[in-house]
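A closer look at the structure
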Amino acid sequence: MKTYTATPADIKKEWLVIDAEGVVLGRLASYVAKVLRGKHKPSFTPNMDTGDNVIIVNAGKVKLTGRKRGKKVYYHHTGYAGGIKERTAEFILDGAYPERVMSKAVERMLPKDSPLARRQMAHLFIYNEAEHPHTAQQPKTVDFAAMNVKNAR
């Protein structure tokens, strides 16, 4: 018996929409990373983009457990000497682009620095509001908060 390897003709992508309101950030990010990679499908092939398209709405209303909202720090560098900058999760979530916290959490759970990971991240659509412009794709709603008691706060 040979090992199954998916080809581009075998790949069927679905659209999923997930409401992030009141959901724990890390739990949702690990689920989304699994779906983006396609590990939930029996046809998973590590070197192919077999994952689904994921739409996350209400990303700014995500919850962080413990004291992470005020203590978790995100760093970036300006490119200049001594140009390291830091922001807390609370500063980002209360700012203009709170969906970046969700984006970074999912991005860091995918394989690092690979063209495949960049292609898989392109299938993630994050919105701060409850509306999204992808209704034409007829996405399936996933009630992530109801999957496990620990998923929602």
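Structure: above.
Report on the accompanying structure. (Residues numbered from 1 in each chain as written. Predicted model: local features only at pLDDT ≥ 70, side-chain atom pairs only at ≥ 80, totals over all residues. Heavy atoms only, no water.)

What follows deals with the overall build of the chain. When helices and strands are tallied, the chain shows 5 helices and 6 strands. Ordered by position in the sequence, the α and β elements of the chain form the string β-α-β-α-β-β-α-α-α-β-β. Along the longest, intermediate and shortest principal axes, the C-alpha atoms of the chain span 55 × 40 × 30 Å. Here the chain holds 153 residues, and 41% of them are scored as buried. Taking contacts inside the chain between residues at least 6 apart in sequence as the whole, the part at least 24 apart equals 68%. A total accessible area of about 9500 Å² is found for the chain, and carbon and sulfur atoms account for 53% of it. Charged side chains in the chain number 26 positive and 15 negative. The centres of these two groups are separated by 7 Å. (Helix = DSSP H or I, 4+ residues; strand = E, 2+ residues; numbered from the N terminus. Buried < 20%, exposed > 50% of the residue type's maximum accessible area, 1.4 Å probe, protein only. Contact = heavy atoms within 4.5 Å. Areas by Shrake-Rupley, 256 points an atom, 1.4 Å probe, with all protein chains shown as cover. Lys, Arg positive; Asp, Glu negative; His and termini not counted. Charge placed at Lys NZ, Arg CZ, Asp CG, Glu CD.)

Okay, a positive patch on the surface next. Taken together, the side chains of Arg27, Lys68, Lys72, Arg108, Lys112, Lys150 and Arg153 make up a positively charged region of the molecular surface. Note on placement: lysine 72 falls in the loop between helix 2 (68–71) and strand 3 (73–77). (Patch = residues over 30% accessible without salt bridge, like charges linked within 9 Å, V, L, I, M, F, W, Y side chains within 5 Å. Salt bridge = Lys/Arg side-chain N within 4 Å of Asp/Glu carboxyl O.)

With that out of the way, let us pick up the nonpolar core. Grouped together as the largest cluster of nonpolar side chains are 32 residues, with contacts concentrated most on Val32, Ile56 and Leu124. Counting only elements with at least two residues in this core, the list comes to strand 1 (15–19), helix 1 (25–37), strand 2 (53–57), helix 3 (89–93), helix 4 (99–107), helix 5 (115–121) and strand 5 (124–126). With 8 residues, helix 1 is the largest single contributor of residues to this core. (Core = buried A, V, L, I, M, F, W, Y, C linked by side-chain atoms within 4.5 Å.)

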